[in-house]
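Residues per chain are reported as follows:
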Amino acid sequence: MYYDEYFPFYAAYANPMLYQGERMQEEEFELMKSYYPRIVQEIQERVEEECRLLDYEGSRIYDEYPDKYMFYHLCSKIKESMKPEIKAQAEQNCFLDELVHVLLGQEICRRRCRRKRCRGTFYHW
């Protein structure tokens with residue numbers, strides 16, 4: 001096939017500005033995380049580390065219907081790893097449970113949405 005006009009090879013592929021919105025969203029999320037209190041930042045770091053360990057193809061966090069037991073198990077694992085740092089807040093244990101649940105749910109949801117957006121771009125079945 002012959003084209004009269006010059007057609008660059010990269011024009012046939014994805015738009016280079018495709019992930020501009022994703023990058024801006026990540027920057028805004030990082031800015032908002034910087035406003036968290038110190039103890040919440042530490043918990044968020046532990047939550048992100050646990051999610052990073054589970055971020056692979058076929059992971060249970062990417063199941064269509066995530067398991068509630070898996071969710072509670074991850075929360076308790078994060079809480080156990082935070083025990084030494086949070087002895088001062090032992091009275092607020094219920095609050096800590098709820099905070100870990102919320103942060104873990106938010107992180108899993110954010111990763112699932114990002115994965116759906118990124119995978120939906122390249123795989124149109």
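Residues numbered from 1 in each chain as written. Predicted model: local features only at pLDDT ≥ 70, side-chain atom pairs only at ≥ 80, totals over all residues. Heavy atoms only, no water.

> Which residues make up the packing of aromatic side chains, and what are the values?
Where two aromatic rings form a pair, the distance of their centres and the angle of their planes describe that pair. Within the structure shown, the criterion is met by 1 aromatic pair. Centre to centre, the rings of Phe71 and Tyr72 are 6.2 Å apart; their planes meet at 70 degrees, and the pair counts as edge-to-face. Judged by relative accessible area, which is 43%, Tyr72 ranks as partly exposed. (Phe/Tyr/Trp six-rings, centres within 6.5 Å; stacked < 30°, edge-to-face > 60°. Buried < 20%, exposed > 50% of the residue type's maximum accessible area, 1.4 Å probe, protein only.)

> Outline the pattern of salt bridges, listing residues and values.
This structure, assessed with the given rule, holds 11 salt bridges. Put simply, Arg111 and Asp55 hold a salt bridge, and the shortest N to O gap is 2.9 Å. With Arg111 in helix H4 (residues 93-122) and Asp55 in the loop between helix H2 (38-53) and helix H3 (68-82), this residue pair connects regions lying 56 residues apart in the sequence. On the accessibility criterion, Arg111 (7% relative accessible area) is buried. (Salt bridge = Lys/Arg side-chain N within 4 Å of Asp/Glu carboxyl O. Helix = DSSP H or I, 4+ residues; strand = E, 2+ residues; numbered from the N terminus.)

> I'd like to hear about a nonpolar patch on the surface, residue by residue, with values.
On the surface, a cluster of nonpolar side chains totalling about 320 Å² of accessible area is made up of Leu31, Met32 and Tyr35. With respect to the helices and strands, the residue Tyr35 is situated in the loop between helix H1 (20-34) and H2. (Patch = residues over 30% accessible without salt bridge, like charges linked within 9 Å, V, L, I, M, F, W, Y side chains within 5 Å. Areas by Shrake-Rupley, 256 points an atom, 1.4 Å probe, with all protein chains shown as cover.)

> So, the packing of H1 against H2: which residues are in play, and what are the values?
The geometry of H1 relative to H2 is characterised by a closest axis approach of 10 Å and an angle of 140 degrees between their N-to-C directions. With respect to their mutual orientation, H1 and H2 come out oblique. Contacts from Phe29, Lys33 and Ser34 of H1 reach H2 at Gln41, Gln44 and Glu48. (Axes fitted to C-alpha atoms, helices over the stretch in contact; angles between N-to-C directions. Parallel < 35°, antiparallel > 145°, perpendicular 65-115°, else oblique. Contact = heavy atoms within 4.5 Å.)

> Please give an account of H2 that cites residues and values.
If you check H2, its first and last C-alpha atoms are 23 Å apart, about what 16 residues at 1.5 Å a residue would give, namely 22 Å. Of the positions making up H2, those classed as buried are Ile39, Val40, Ile43, Gln44, Val47, Glu48, Glu50 and Cys51. (Expected span 1.5 Å × (residues − 1).)

> So, the packing of H2 against H3: which residues are in play, and what are the values?
In contact at an axis separation of 10 Å, H2 and H3 are set at 130 degrees when each is read in the N-to-C sense. The pairing of H2 with H3 is recorded here as oblique in orientation. Handedness of the H2/H3 crossing: right-handed. Contact residues: H2 offers Glu42, Ile43, Arg46, Val47 and Glu50, while H3 offers Leu74, Lys77, Ile78, Ser81 and Met82. When the residues that make up the contact of H2 with H3 are grouped by side-chain class, the tally is 5 nonpolar, 1 polar and 4 charged. (Left-handed = near helix turned anticlockwise from the far one by under 90°. Nonpolar A, V, L, I, M, F, W, Y, C, P; charged D, E, K, R; others polar.)

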